Amino acid sequence: MAGCFITFEGGEGAGKSTQIERLRQRLGGLAQPTLVTREPGGSPHAEEIRAFILGGHAKHLGPFAEALLFAAARIDHLDKTIVPALNRGTHVLCDRFADSTRAYQGSAGNIDEALIDQLERVTLRGVKPDLTFILDLPAETGLARARERQAGKGEGADRFEGEDASFHHSLRQAFLSIARSEPRRCVVINADQEPDEVEAAIWAALRERLPQLAENRLPDNAVRPLDVA
Ligand code: T5A
């Protein structure tokens, strides 16, 4: 039986990693195991591409070339990590996925939507998340959280955190627009509240959208469209 594929999306510092860890713990008691992964990255070659992009080395190539690099990383991540896990019955919690390309490179980076659609089609090959949580909060709040965390670690802004305010405002609108266009898959969560409240909202939505998972029943879909050996 296939596992459930759940993605977390949102702007910088929205609290995705925090909430993924909390959900992983909640799902810890299920019969089916849970895998936490992330994008860009999640497989050895995709992690190499991550280091290249987030190190700022692809910035001068422009948003479309960056989108291609994110797609290349995603193909490896799907083939090596996500699809094999789903097919062996493991639930997958993924920190960012294709919606991030649509928001960051598409809307905020001004790449034509039709081109993003084509890229998504050839990259995902039919694999779509069962559920996507879009963690929504004002861009300034998320950026302040990200900066505070980096200051604690002695790090600076990465490739996208360094973009200007209008980029981050358009990101928020892009994620909300994705949620409006795919209401069956996406749930918008108010991330501008205490972590416990965000966690409760996520769990309530998961129980409503994927009751078979929350109640430890197995989903009916047996095999994913992309079946890698
Ligand atoms: N990208 C990615 C693209 O441009 N295109 C793509 O296709 C893809 C896949 C990835 C970057 O790549 C871009 C988007 C990104 O810019 P990353 O390092 O993986 O970079 O960074 P992010 O995904 O942005 O993740 P962050 O770690 O910055 O943010 P999170 O995971 O959303 O937030 P989290 O949980 O780490 O929390 C941040 C801080 O806030 C605190 C936490 O303790 C932490 O200190 N916090 C809260 N504080 C107050 N209230 C709450 N409710 C809080 N929740 C967490």
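Since we're looking at a predicted model, the values are computed, not measured.

Caption draft 1: Summary view of helix α4 (residues 98-107). Burial analysis of α4 places nine of its 10 residues in the buried class, which makes it a mostly covered element. Among the residues of α4, A98, D99, S100, T101, R102, A103, Y104, Q105 and G106 are the ones counted as buried. Along its buried surface, α4 packs onto β1 (5-10), α3 (63-87), α5 (113-124), β4 (131-136) and α7 (165-181).

Caption draft 2: View of the side chain of T81. Mapped onto the elements, T81 comes out in helix α3. T81 has contacts with L35, T37, G42, S43 and D76, leaving out every residue within four places of it along the chain.

Caption draft 3: Quick look at the nonpolar core. Ranked by size, the top nonpolar core spans 24 residues in total, and within it I6, F8, F133, L135, L206 and L213 carry the most contacts. Taken together, the elements giving at least two residues each to this core come down to β1, α1 (16-26), β4, β5 (186-190), α8 (195-209) and α9 (211-214). Of all the elements, α8 adds the most residues to this core, at five residues. Not counting chain neighbours up to four residues away, the residues in contact with F8 comprise K16, Q19, I20, L23, C94, D95, R96, F133, L135 and I202.

Caption draft 4: Layout of unusual backbone geometry. Looking along the chain, the bond that leaves E39 and enters P40 is cis, with omega of -10 degrees. Locating P40 in the fold gives a position in the loop between β2 (34-38) and α2 (44-54). A positive phi angle, near 75 degrees, is found at R96, a position not held by glycine. With respect to the helices, strands and loops of the structure, R96 is situated in the loop between β3 (91-95) and α4. For R125, which is not glycine, the phi torsion reads 45 degrees and is therefore positive.

Caption draft 5: Local environment of the UniProt feature "binding site: ATP" (unreviewed entry) in the protein chain. The UniProt record annotates "binding site: ATP" (unreviewed entry) at G10, G11, E12, G13, A14, G15, K16 and S17. Put simply, the named residues that line the largest cavity are G10, G11 and E12. With respect to the helices and strands, the residue G15 is situated in the loop between β1 and α1. Those residues within four positions of G15 in sequence are excluded, and the remaining contacts are L135 and R145. For K16, the location among the structural elements is in helix α1. On the accessibility criterion, K16 (9% relative accessible area) is buried. Ignoring sequence-local partners within four residues, the contact set of K16 consists of F8, E9, G10, G11, D95, R96 and L135.

Caption draft 6: Geometry of the pattern of salt bridges. Summed over the entire model, instances satisfying the criterion amount to 19 salt bridges. Ionic pairing is found between R24 and E21, a salt bridge with its closest N-O pair at 2.7 Å. Here the residue R24 and the residue E21 both occupy positions in helix α1, the gap between them amounting to three residues, near one helical turn. Since its relative accessible area comes to 33%, R24 is described here as partly exposed. E182 is paired through a salt bridge with R185; the nearest N and O atoms lie 2.9 Å apart. When salt bridges that share partners are traced, they join D99, R102, E113, D117, E120, K128, E182 and R185 into one network.

Caption draft 7: Main features of empty space enclosed by the protein. For the structure shown, the criterion picks out three cavities of 30 Å³ or more. Within this model, the largest cavity holds a volume of roughly 120 Å³. Along its surface, the largest cavity is lined by 14 residues, and G10, G11, E12, L137 and R172 are the ones closest to its centre. Taken together, the elements giving at least two residues each to the lining of the largest cavity come down to β4, α6 (139-153) and α7. Partitioning the lining of the largest cavity into residue classes produces eight nonpolar, three polar and three charged. Reported here for the second largest cavity is a volume of approximately 70 Å³. Lining the second largest cavity we find A71, R74, A98, T101, I116, L119, E120, T123 and L124. Elements represented by at least two residues in the lining of the second largest cavity include exactly α3, α4 and α5. Tallying contributions element by element places α5 first for the lining of the second largest cavity, with five residues.

The rules behind these values
Residues numbered from 1 in each chain as written. Predicted model: local features only at pLDDT ≥ 70, side-chain atom pairs only at ≥ 80, totals over all residues. Heavy atoms only, no water. Buried < 20%, exposed > 50% of the residue type's maximum accessible area, 1.4 Å probe, protein only. Helix = DSSP H or I, 4+ residues; strand = E, 2+ residues; numbered from the N terminus. Contact = heavy atoms within 4.5 Å. Core = buried A, V, L, I, M, F, W, Y, C linked by side-chain atoms within 4.5 Å. UniProt positions renumbered as here; feature names shortened; annotations may be inferred. 1 Å grid on protein atoms, 1.4 Å probe; cavity = no way out; pocket = protein on both sides within 12 Å on 5 of 7 lines; lining within 4 Å. Salt bridge = Lys/Arg side-chain N within 4 Å of Asp/Glu carboxyl O. Points joined across faces, edges and corners; volume = space filled by probe spheres on them. Nonpolar A, V, L, I, M, F, W, Y, C, P; charged D, E, K, R; others polar.

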